[in-house]
Amino acid sequence: MLKLQNVSHWFDDASAPNDGQSKVLDNLSLTLNRGQSLALMGTSGSGKSTLLQVAAGLELPKQGRVELADLPIYELTDDALSALRREQLGFVFQQFNLLPGLSVIDNILFQSRLNQGHQQHEAIDSHWLDHLMTTMALHEVSHRLPEQLSGGQQQRVAIARAVAHKPAIVFADEPTGNLNDSLSHTVMELLMMLSREANCALLMVTHSAAMAGYTDRVLTLQSGKLEQAQNS
Ligand SMILES: Nc1ncnc2c1ncn2[C@@H]1O[C@H](COP(=O)(O)OP(=O)(O)OP(=O)(O)O)[C@@H](O)[C@H]1O
């Protein structure tokens, strides 16, 4: 599903060694299949978000190859890459990134509706939508705007939105970063359950060993390399 092959990336920085370049990602490779989950840990600044961006087709790596759904993403046309993102990817960010002018239900359906506007995409599965709304306890607030929700409710909307169109892979950057401990566990349980039900892969960045404990695999990014995390 997701394949990174010999990926290296650095940001141009005149003050850094090695001819002005220090590598954030150093010749790393990674495979993640549908139905599998992986937590990415590492100290602040170790490159976790950069790796997520590179894997999701949002930052072109300086070297190496990235495949999503068997497609070499950085060789696709802009239109093909947009379609891949729209149909196959889901995103959950620490800041939720809900669309402020849209109700809860319209936020959740946003990506599915975009897909429907494009050729041959299946209609939204109303049973799946109802299941999502029930699981995330969002029925009662479905017509509210994001600003009328608590942080936990906003995060549940963000997760429902990320999986509503049953993507092949969900990228989550600190998905529980803004939540208290008990809510974090609830949100992780829901995210894991929904990703299992949608049979999607999950690549999650987290600082929390407790949250990483929910995923099948935990890797640590250090000096640009991926290492097996301790205790995993
Ligand atoms: N656009 C950019 N331009 C220059 N340097 C950048 C850019 N984005 C990130 N960096 C640098 O790359 C390194 C890795 O950043 P990244 O955000 O990927 O780390 P992280 O592990 O996600 O950190 P955190 O846990 O604090 O969010 C850092 O040294 C950062 O300063």
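So, here's what we can say about the structure. Since we're looking at a predicted model, the values are computed, not measured. (Residues numbered from 1 in each chain as written. Predicted model: local features only at pLDDT ≥ 70, side-chain atom pairs only at ≥ 80, totals over all residues. Heavy atoms only, no water.)

**Structural notes on the site of the ligand**
Surveying the vicinity of the ligand reveals the residues Phe11, Val24, Thr43, Ser44, Gly45, Ser46, Gly47, Lys48, Ser49, Thr50 and His207. The separation between an oxygen atom of the ligand and a polar side-chain atom of Ser44 is 2.6 Å. Within the contact set of the ligand, an oxygen atom lies 2.9 Å away from a backbone nitrogen or oxygen of Ser49. The greatest single-element share of the shell around the ligand, amounting to three residues, is contributed by helix α2 (residues 48-55). (Near = heavy atom within 4 Å. Polar contact = N/O pair within 3.5 Å; in protein donor to acceptor, adjacent residues only side chain to side chain. Helix = DSSP H or I, 4+ residues; strand = E, 2+ residues; numbered from the N terminus.)

**Quick word on the packing of helix α6 (residues 151-163) against helix α7 (residues 181-197)**
One way to put it is that α6 packs onto α7 with a least axis distance of 11 Å and a crossing angle of 10°. In terms of their interaxial angle, α6 and α7 are classed as roughly parallel. Every pair of crossing elements has a handedness; the one defined by α6 and α7 is right-handed. Contact with α6, carried on its side by Gly152, Gln155, Arg156, Ile159 and Val163, involves Leu183, Val187, Leu190, Leu191 and Leu194 of α7 and no other residues of that element. (Axes fitted to C-alpha atoms, helices over the stretch in contact; angles between N-to-C directions. Parallel < 35°, antiparallel > 145°, perpendicular 65-115°, else oblique. Left-handed = near helix turned anticlockwise from the far one by under 90°. Contact = heavy atoms within 4.5 Å.)

**Notes on the side chain of Arg161**
With respect to the element layout, Arg161 can be found in helix α6. Within the buried core, Arg161 has no salt-bridge partner, and the shortest N-O distance to an opposite charge, that of Asp106, equals 12 Å. At a separation of 2.9 Å, a polar atom in the side chain of Arg161 contacts the main-chain carbonyl oxygen of Phe96. Among the polar contacts made by the side chain of Arg161, one reaches the main-chain carbonyl oxygen of Asn97 at a distance of 2.9 Å. When sequence neighbours within four positions are dropped, the list of residues in contact with Arg161 reads Phe96, Asn97, Leu98, Leu99, Asn107 and Ile108. (Buried < 20%, exposed > 50% of the residue type's maximum accessible area, 1.4 Å probe, protein only. Lys, Arg positive; Asp, Glu negative; His and termini not counted. Salt bridge = Lys/Arg side-chain N within 4 Å of Asp/Glu carboxyl O.)

**A look at the sheet that holds strand β8 (residues 201-205)**
If you trace the six strands from one edge of the open sheet to the other, you get β6-β7-β8-β3-β9-β10, paired in mixed fashion. Of all the strands in the sheet, the pair left with one neighbour each is β6 (89-93) and β10 (225-228). Recorded for the sheet is a direction-independent mean angle of 20° between the axes of neighbouring strands. For strand β3 (residues 37-41) and strand β9 (residues 217-222), the ladder comprises four bridges, and the chain directions are parallel. Along β9, the bridge assignment pairs Met41 with Thr220. (Pairing = 2+ DSSP bridges.)

**Description of the packing of aromatic side chains**
Here the structure, examined in full by the defined rule, presents two aromatic pairs. Between Phe91 and Phe93, the ring centres sit 5.8 Å apart and the planes meet at 5°, which makes this aromatic pair stacked. A relative accessible area of 24% places Phe93 in the partly exposed class. Between Phe91 and Phe171, the aromatic rings sit 5.7 Å apart at their centres with planes inclined by 25°, giving stacked as the arrangement. (Phe/Tyr/Trp six-rings, centres within 6.5 Å; stacked < 30°, edge-to-face > 60°.)

**Considerations on the environment of Leu129**
Turning to its location among the elements, Leu129 is positioned in helix α5 (residues 126-135). We classify Leu129 as buried; its relative accessible area is 15%. Sequence spacing of Leu129 and Thr50 is 79 residues, and the spatial spacing of their C-alpha atoms is 32 Å. When near neighbours in sequence (up to four residues on either side) are disregarded, Leu129 contacts Ile105, Ile108 and Leu109.

**A word on empty space enclosed by the protein**
Counted under the stated rule, the structure contains one cavity of 30 Å³ or more. Lining the largest cavity are Leu52, Gln53, Ala56, Leu58, Phe91, Phe93 and Phe171. Secondary-structure elements contributing two or more residues to the lining of the largest cavity are α2 and β6. Split into classes, the residues belonging to the lining of the largest cavity amount to six nonpolar, one polar and no charged. (1 Å grid on protein atoms, 1.4 Å probe; cavity = no way out; pocket = protein on both sides within 12 Å on 5 of 7 lines; lining within 4 Å. Points joined across faces, edges and corners; volume = space filled by probe spheres on them. Nonpolar A, V, L, I, M, F, W, Y, C, P; charged D, E, K, R; others polar.)

**As for the side chain of Glu67**
Within the secondary structure, Glu67 sits in strand β4 (residues 63-68). Side chain to side chain, Glu67 and Arg65 meet in a polar contact 3.1 Å long. Discounting residues that sit within four places of it in the chain, Glu67 has contacts with Met1, Leu2, Lys3, Gln5 and Pro72.

**Concerning a nonpolar patch on the surface**
Together, Leu99, Phe110 and Leu114 give the surface a local cluster of nonpolar side chains, amounting to about 220 Å² of exposed area. Topologically, Leu114 is positioned in helix α4 (residues 104-116). By relative accessible area, Leu114 is classed as partly exposed at 37%. (Patch = residues over 30% accessible without salt bridge, like charges linked within 9 Å, V, L, I, M, F, W, Y side chains within 5 Å. Areas by Shrake-Rupley, 256 points an atom, 1.4 Å probe, with all protein chains shown as cover.)

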